[in-house]
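Listed below, chain by chain, are the residues.
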Amino acid sequence: MFLSAARARPQLRTPLRMLTSHAVIFSTHGEPKDVLKTHSYEIDENSIGPGEIVLKTLGAPINPSDINQVQGVYPSQPEKNTALGTSEPLAVGGNEGLFEIIKVGSSVKDFQVGDWAIPTSVNFGTWRSYAACDAEKMMKVPNPEQSKAAGKKQGLSLNQGATLSVNPLTAYLMLTHYVKLTPGKDWFIQNGGNSAVGKFASQIAKLLGFNSISVVRDRPEIEELRKELTEVCGATHVITEEQNNSKEFGPQVKLWLKESGGEIKLALNCVGGKSSAGVARKLAPNGLMLTYGGMSYQPVTLPTSLHIFKNVTSAGFWVTELLKSDPNLKRETVDRIVEWYTSGELLDAPLKENEVGDQEVAQVVIDAIAASKSGKQLVKF
């Protein structure tokens, strides 16, 4: 879905007015349905500082890390304060989102009214209808009108813009930041191949010329899933967890490697347990396994022989920490992903839109969180 140019570049409001922002906040930790509330506050467009901007939220996704922050079990947490005029400290939920600039301060040079932007770092608090902040807290991304003017095939959709910062960046950085894979020859293997990150990894690997093996759970419709992951997402091969854990399947993998003349140098693990051991066993000597999730809730256990005789390395990947230590890396990676989106080479993960409209925003977010077990959700403001 693409927003019209009129939506992307609204008319200037004269005279300027007070805006009422409705934010989803929490002052204590617990289950979202118990602790999330709506807090409304005013933003005076006339009183923003020279280096500040006013934003209208277009959309914000529901990520597992967002839910974990509310629950108090995620290591990165937004600061709780009384900046929104409350008597007790609180935080606004949400880390990812897409915003439209509707007012710029007198000294702001990098933004103009109508531009689109995403937060430069986490813990911004994206679950709110409007926000005011220092311009440096936002990173510009092209709106559809700007992409069209630049000769691009298409503009960013709301979904693509709102979900730029986590899943596609995670996939790209894991594939490129740690191990040098030779295009046309080398391979990576991943479990959770039909997850959002898994689908991005398959697509990006194909764009970069890397071969891939995606591991998925067996299911009655396995052939339909295999067809989607290979023909739509670009996975080279798709295997089941049973095949991943089977010694008898090893010769088939070796045959694939022989055909390309390359090696499996990288493994991506978001499952843990037996699945992680299965993908690690297929690594070449000196290979690396990056763990970025643990969907099985089982520990990562690797055979001792992999460390001693193959010098396999197992490490963790957390996109938040990596980008915090290298801010320029986010800009470079976002630009790469945007280029693929606007050229039509990269497909975003499907999600369900939850329109706020006249509803209480906290209830919309709570309902979207409950529905997230069955698929990715986006709150549309």
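Computed from a prediction, not measured in an experiment: that's the story for all the values here. Residues take numbers from 1 onward in each chain, read along the sequence in its written order. Only residues with pLDDT of 70 or above have their local features reported here, since the model is predicted, and side-chain atom pairs are shown and tallied only from 80 upward, although totals for entire chains, interfaces and linings are computed over all residues. Values shown for side chains rest on all heavy atoms present in the structure; no hydrogens or waters enter the calculation.

Undergrad: Before we go on, may I ask you to explain the side chain of Gln69 in this structure?
TA: With respect to the element layout, Gln69 can be found in helix α3 (residues 64–71). Gln69 gets classed as buried once you look at its relative accessible area, which sits at 4%. Counting from the N terminus, the helices are the DSSP runs of H or I reaching at least four residues and the strands are the DSSP runs of E reaching at least two. Under the scheme applied here, a residue whose accessible area is under 20% of the maximum for its type counts as buried, over 50% as exposed, and between as partly exposed, the area being computed with a 1.4 Å probe on protein chains only.

Undergrad: How do you make sense of the UniProt feature "domain: Enoyl reductase (ER)" (unreviewed entry) in the chain when you look at a structure like this?
TA: UniProt positions are given in the numbering used here, feature names are shortened, and annotations may be inferred rather than shown by experiment. Taking the numbering used here, the UniProt-annotated feature "domain: Enoyl reductase (ER)" (unreviewed entry) corresponds to residues 34–379. Split by type, residues 34–379 is 34% helix and 22% strand. Its first and last C-alpha atoms lie 19 Å apart.

Undergrad: What exactly am I supposed to notice about the sheet that holds strand β13 (residues 288–291) here?
TA: In a beta sheet, neighbouring strands pair by backbone hydrogen bonds and run either parallel or antiparallel. Between any two strands, at least two bridges found by DSSP are needed for them to pair. The parallel open sheet is built from 6 strands, whose spatial order is β11-β10-β9-β12-β13-β14. The two strands at the open ends of the sheet, each matched to only one other strand, are β11 (237–240) and β14 (313–316). When strand polarity is set aside, the average angle formed by the axes of neighbouring strands in this sheet is 20°. Sheet strands touched by helix α8 (residues 222–232): β10 (211–216) and β11. Its angle to β11, the strand with the most contacts, is close to 150°. Axis geometry follows a simple rule: fit a line to the C-alpha atoms, using only the stretch in contact for helices, then measure angles between N-to-C directions, giving values from 0 to 180 degrees. The contact definition used throughout considers only heavy atoms, calling two residues in contact when any of these lie within 4.5 Å.

Undergrad: Explain the packing of aromatic side chains to me, please; I cannot follow it from the model alone.
TA: Aromatic ring pairs are reported here in terms of the distance separating the ring centres and the angle at which the planes meet. Paired rings are identified among Phe, Tyr and Trp, the last through its six-membered ring, by centres lying within 6.5 Å, and are further divided according to the angle between planes into stacked (under 30 degrees), edge-to-face (over 60) and tilted (the rest). Evaluated as defined, the whole model comprises 5 aromatic pairs. Between Tyr74 and Trp318 the ring centres are 5.8 Å apart and the planes differ by 80°, which places this aromatic pair in the edge-to-face class. One end of the pair, Tyr74, is in the loop between α3 and β4 (91–92); the other, Trp318, is in the loop between β14 and α13 (319–325), and 244 residues separate them in sequence. With a centroid separation of 5.6 Å and 75° between ring planes, the pair formed by Phe99 and Phe124 is classed as edge-to-face. One end of the pair, Phe99, is in strand β5 (residues 98–104); the other, Phe124, is in the loop between β6 (116–119) and β7 (130–134), and 25 residues separate them in sequence. Residue class for Phe99 comes out buried when judged on its relative accessible area of 0%. When its relative accessible area of 13% is taken as the criterion, Phe124 is described as buried. The ring centre of Phe124 lies 5.4 Å from the NZ or CZ of Arg128, which sits over that ring. A positively charged side chain is recorded as over a ring if its NZ (Lys) or CZ (Arg) lies within 6 Å of the ring centre. The angle to the ring normal must also be within 35 degrees.

Undergrad: Just checking my understanding: could you explain the nonpolar core for this structure?
TA: A general feature of soluble globular proteins is that nonpolar side chains tend to end up buried together. Within the largest apolar cluster, 45 residues are counted, with the highest numbers of intra-cluster contacts made by Leu164, Ile204, Leu268 and Ile337. If near-sequence neighbours (up to four positions away) are discounted, Ile204 is found in contact with Pro168, Ala171, Tyr172, Leu175, Ile337, Trp340 and Leu346. Take the buried Ala, Val, Leu, Ile, Met, Phe, Trp, Tyr and Cys residues and link them wherever side-chain atoms come within 4.5 Å; each set so joined is a nonpolar core.

Undergrad: How should the confidence of the model for the chain be read in this particular structure?
TA: For the chain, the mean per-residue pLDDT works out to 94, and 96% of the residues sit at or above 70. Summary of the metric used: pLDDT quantifies the predictor's per-residue confidence within the range 0 to 100. Ignoring residues within four places in sequence, the model shows residues 1–14, a span with pLDDT below 50, making 35 contacts including any to other chains.

Undergrad: What is the right way to look at the pattern of salt bridges in this model?
TA: Side-chain pairing between opposite charges can occur once the charged atoms of the two side chains come close. A pair is scored as a salt bridge if a Lys or Arg side-chain nitrogen falls within 4 Å of a carboxyl oxygen belonging to Asp or Glu. Using the criterion set out here, one finds 10 salt bridges in the structure. Among the salt bridges present, the one from Lys380 reaches Glu353, with a minimum N-O distance of 3.7 Å. Of this pair, Lys380 sits in strand β16 (residues 377–380) while Glu353 sits in strand β15 (residues 352–355), and the two are 27 residues apart along the sequence. The class of Glu353 is partly exposed, set by a relative accessible area of 34%. A network of salt bridges, in which partner residues are shared, links Glu353, Glu355 and Lys380.

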